[in-house]
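# Tertiary structure, described
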Amino acid sequence: MRLFSLFTFAVLSAGAYAQTLTGDFDCTAAGVYTLCQNLWGASSGQGSQSTTLVKASGNSASWSTTYTWSGSPNNVKSYPNLFHTTAKGMQLSAIQSAPTSWQWNYQSASSDLRADVSYDIWTGVPSSGDPASSASSYEIMIWLSQRGGVGPIGGNVASNLQLGNHTWNLHQGSNSNWQVFSFITAEGDITDFDADLNDFFQYLVQHQGVDNTQFLQAVQTGTEPFTGSGDLVINNFSVDVQTVGSFNSQAASSSSSSSSSSSSFSSSSPSGVASSSKTTSPTSTAGSAKATTTLKACRQRLVLLGGVGGSLTERISKIMSATAPGRISCKSYFNRLDAENETDLIVSISNGSAPSSCSECLPT
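Residues numbered from 1 in each chain as written. Predicted model: local features only at pLDDT ≥ 70, side-chain atom pairs only at ≥ 80, totals over all residues. Heavy atoms only, no water.

What follows covers the overall build of the protein. Summing up its helical and strand segments, the protein has 6 helices and 17 strands in all. Expressed as a percentage of its 364 residues, the buried residues of the protein come to 53%. A sequence separation of at least 24 residues applies to 70% of the contacts in the protein between residues at least 6 apart. (Helix = DSSP H or I, 4+ residues; strand = E, 2+ residues; numbered from the N terminus. Buried < 20%, exposed > 50% of the residue type's maximum accessible area, 1.4 Å probe, protein only. Contact = heavy atoms within 4.5 Å.)

Right, here's the structure in full:
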C-alpha cells in the first residue's frame, strides 16, 4: 500500500524491447501499458533502482526491476509498476470479466528483503482520476508475495477467503481520502497467477460494502520494496477488462462453428465465453424470428441477472428462477438446450442457438 503516488512523470520515447529506466519517475510506453519507476518514497531511505522493459506485444508485457534499499524499514521506497492505459473508465457493475495472468520470480533476493509483489487497483466516483488522488474512493491490492514481515494498511477483516483458485486474508484500512482493501496471500509466494479480477471486485461489492457504481480508474501491477535487495523478473503479465456491452456484442456475432475448451473468462475469449459447435437451428423463417426474440430476451436476462459475478452454476440458478421480459420462460428455454455442462449452456445462449422446437419458450 502506497501512502501516496506521483503521476506527474516524464514519458520516455516508446521502445518495444530492452529499455532501462533510471530516473526517479521515468516511464515508457509498453504496448497497451506504461511502465514506470515511481520512486515515490525514496527520500525515506537510501538506495537505488532501475527498471527494464524486456518486451511488450499486444496485451502482454515482460519487464524487470533491480533495487537496493536501506533505512526506515517500515516505509515503502518505490512502486515500479506496469499499468494498463485503456482498461479503465467502466463501472464495476458493467464488468463481465477481467482475466489476468502474471508469471514472475526473484532472480535474486537478499535474506533481509522486505517487499511485496502486488496489484494496485483504484476505483472512484468519477469515471477517471489519477491513482491516490482526490478522485480515489478505494484502493484494492492483491498481494502475491509478502516478504520480511511487511504488512498492509488496516486490520484483518476476513480470513481464508477462496478467490481466484487461491487462499487470501483480507485487510481493510484508511489512507488519506480512500479506503484500502488488501488481499494477502495465505499460501506464500504465488509466482504463477491466473484469475479473474472480477471475482475480487464482486466479493467486495457483495460482502464488504463497495458500491458497484464505482468506476475502475486504474489497474497497476508491480512491487513495493521497503528494504533489502532484489532482482524481480516479470516473465509475463496480461490483463483484459471486458464489459457487459462487449459481452453482448461479441455474443451476438460469435460463430457457432468453432469448438471450445471448458474454460470461460480467458484472455482468448474476450466476450466472456468460449465458442462451441453444439448448436441447433430453428426450422422455419417465422420460428427463426420468434426464436431470435426469445434468445435476445434470455441472453439479456443472462447478462443482467447473472453476468456480474458468481460462478456459472450460480448465474444459471438465478436465470432458472426468473422470467425474462415479455413473460418468456428462460427456464423452459434452458431445459430444452442440449448442453452437457454449465459452460456449454452459457455458450449456446451467447451464440444465439435455438432449441429445435421453440413452442415452450415463446411469449404467451
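As enumerated under the stated definition, the model contains 1 disulfide in all. With its sulfur 2.0 Å from that of its partner, Cys27 forms a disulfide with Cys36. Every disulfide takes its handedness from the sign of the S-S torsion; for Cys27 and Cys36 that torsion is 110°, giving right-handed. In this pair, the class of Cys27 matches that of Cys36, namely buried. (Disulfide = S-S within 2.5 Å.)

Now for the pairing of strand β3 (residues 26–30). Of all 5 residues in β3, 4 are buried, a share of seventy percent or more. Pairing geometry for β3 and strand β4 (residues 33–36), over 4 bridges, is antiparallel. If you follow Cys27 over to β4, its bridge partner there is Cys36. Connecting the antiparallel pair β3 and β4 is a turn made up of 2 residues, with Gly31 showing a positive phi of about 70°. (Pairing = 2+ DSSP bridges.)

Let us now look at the packing of aromatic side chains. The tally for this structure, following the rule as stated, stands at 12 aromatic pairs. When the centroid spacing of 5.9 Å and the interplanar angle of 65° are considered together, the rings of Tyr33 and Phe237 count as edge-to-face. Taken together, the positions of Tyr33 in strand β4 and Phe237 in strand β16 (residues 215–239) put the pair 204 residues apart, joining distant regions of the chain. In this pair, the class of Tyr33 matches that of Phe237, namely buried. For the ring pair Phe183 and Tyr203, a centre distance of 6.1 Å and an interplane angle of 70° mean the geometry is edge-to-face. With Phe183 in strand β14 (residues 178–185) and Tyr203 in helix α1 (residues 197–207), this pair connects stretches of sequence that are 20 residues apart. (Phe/Tyr/Trp six-rings, centres within 6.5 Å; stacked < 30°, edge-to-face > 60°.)

Take the side chain of Ser145 next. Secondary-structure assignment places Ser145 in strand β11 (residues 138–147). Of note is the side chain of Ser145, whose polar atom sits 2.7 Å from the side chain of Asp189. (Polar contact = N/O pair within 3.5 Å; in protein donor to acceptor, adjacent residues only side chain to side chain.)

Take unusual backbone geometry next. Backbone phi values are negative for most residues with the exception of glycine, while trans is the configuration of most peptide bonds. At Asn38, a position not held by glycine, the phi torsion is positive, near 55°. One can find Asn38 in the loop between β4 and β5 (46–57). The class of Asn38 is buried, set by a relative accessible area of 3%. The phi dihedral of Ser176 is positive, around 55°, even though this residue is not glycine. On the basis of relative accessible area, Ser176 is assigned to the exposed category, the value being 62%.

Before going further, it helps to spend a moment on α1. For α1, the tally of buried residues reaches 8 of 11 residues, placing the bulk of the element in the interior. Taken together, the buried positions of α1 are occupied by Leu197, Asn198, Phe200, Phe201, Gln202, Tyr203, Leu204 and Val205. Where α1 begins, the capping side chain belongs to Asp196, and its oxygen is found 2.9 Å from the backbone nitrogen of Asn198. Looking at the residues trailing α1, positive phi occurs at Gly209, about 80°.

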